[in-house]
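# Topology and contacts: notes
Spelled out, the chains give:
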Amino acid sequence: MNTDQKLLKDFNEAVSLVNAYTDPLPADLLLRLYAYFKIANRSFSHPGSRTPLINAFKANALIQAKNVSTKEAMEKYIALVNKEIKQKLK
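Position labels on residues start from 1 in each chain and follow its written sequence. Local features in a predicted model are, by the rule used here, given only for residues with pLDDT of at least 70; side-chain atom pairs are given and counted only at 80 or more, and totals for whole chains, interfaces and linings are based on all residues. To obtain the side-chain values, all non-hydrogen atoms of the structure were included, while hydrogens and water were left out.

## Comments concerning the environment of glycine 48
Where we set the bar: Helix numbers and strand numbers start at the N terminus; a helix is a DSSP run of H or I with at least 4 residues, a strand a run of E with at least 2. For every residue, the accessible area obtained with a 1.4 Å probe (protein chains only) is divided by the maximum for its type, and the residue is called buried under 20%, exposed over 50%, and partly exposed between those limits.
Mapped onto the elements of the fold, glycine 48 is located in the loop between α2 (27–40) and α3 (52–64). Among the residues examined, glycine 48 registers a relative accessible area of 72% and is labelled exposed. Counting along the chain gives 11 residues from glycine 48 to phenylalanine 37, while the straight-line C-alpha distance between them is 15 Å.

Structural data, given as structure tokens:
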């Protein structure tokens, strides 16, 4: 398995962990995860919330991460999950 395949595998595992996590997470963490996920998947569609304020926060998170590459977004997403979620599961 090459490094790109490993990164994609680790990213998908981190996404699955977040999707399965049921405890509340801080809003700032969720917004960072959102931005990195969107960048990693090259998905720049308009935030889909019916609440304008939530859309504004999501848009702001994307703007703050605008200079992050796809690969770097995956790495940052994995690092956040490892630090903020995996630690709580131990």
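Back to the text.
## Side note on the nonpolar core
Filter applied, for reference: In this text, buried Ala, Val, Leu, Ile, Met, Phe, Trp, Tyr and Cys residues form a nonpolar core when linked through side-chain atoms within 4.5 Å. Residue contacts are defined here by distance: any two heavy atoms, one from each residue, within 4.5 Å place the two residues in contact.
The biggest cluster of nonpolar side chains holds 25 residues, and the ones touching the most others in it are Phe11, Leu33, Tyr36, Tyr77, Val81 and Ile85. Those residues within four positions of tyrosine 77 in sequence are excluded, and the remaining contacts are Phe11, Ala14, Val15, Val18, Leu33, Tyr36 and Phe37.

## Remarks on unusual backbone geometry
Even without glycine at this site, arginine 42 takes up a positive phi of about 50 degrees. Its place among the elements puts arginine 42 in the loop between α2 and α3. On the basis of relative accessibility, which here comes to 63%, the residue arginine 42 falls in the exposed class.

## Focus on the packing of α2 against α3
Cut-off, in case you're wondering: Axis definition: a line fitted to C-alpha atoms, limited for helices to the stretch in contact. Angles are taken between N-to-C directions and run from 0 to 180 degrees. We call two directions roughly parallel when the angle between them is under 35 degrees, roughly antiparallel when it is over 145, roughly perpendicular when it lies between 65 and 115, and oblique otherwise. Should the near helix be turned anticlockwise from the far one by less than a right angle, the crossing is termed left-handed; should it be turned clockwise, right-handed. Amino acids outside the nonpolar list (Ala, Val, Leu, Ile, Met, Phe, Trp, Tyr, Cys, Pro) and the charged list (Asp, Glu, Lys, Arg) are all regarded as polar, and Gly is one of them.
Orientation of α2 relative to α3, taken along the N-to-C sense of each, is 60 degrees, at an axis distance of 9 Å. Between α2 and α3, the interaxial angle falls into the category oblique. Where α2 crosses over α3, the handedness of that crossing is right-handed. From α2, Leu31, Tyr34, Ala35, Lys38 and Ile39 reach across to α3, where they touch Phe57, Lys58, Ala61 and Leu62. Taken together, the residues of the contact of α2 with α3 sort by class into seven nonpolar, no polar and two charged.

## Comments concerning the packing of aromatic side chains
As a reminder, the rule being used: In this analysis, rings of Phe, Tyr and Trp, with Trp reduced to its six-membered ring, are considered paired at centre separations within 6.5 Å, and the interplanar angle assigns stacked below 30 degrees, edge-to-face beyond 60, and tilted for intermediate values.
What the rule picks out here adds up to three aromatic pairs. For the pair phenylalanine 11 and phenylalanine 37, a centre-to-centre distance of 6.2 Å together with 25 degrees between the ring planes defines the contact as stacked. Residue phenylalanine 11 is found in helix α1 (residues 3–20), and its partner phenylalanine 37 is found in helix α2; the two are separated by 26 residues along the sequence. Assessed through its relative accessible area of 2%, phenylalanine 11 is described here as buried. With 6.4 Å between their ring centres and 50 degrees between their planes, phenylalanine 37 and tyrosine 77 make a pair best called tilted. In this pair, phenylalanine 37 is assigned in helix α2 and tyrosine 77 in helix α4 (residues 70–89), connecting sequence segments 40 residues apart. For phenylalanine 37, a relative accessible area of 32% puts it in the partly exposed group. Its relative accessible area of 3% is what places tyrosine 77 among the buried residues.

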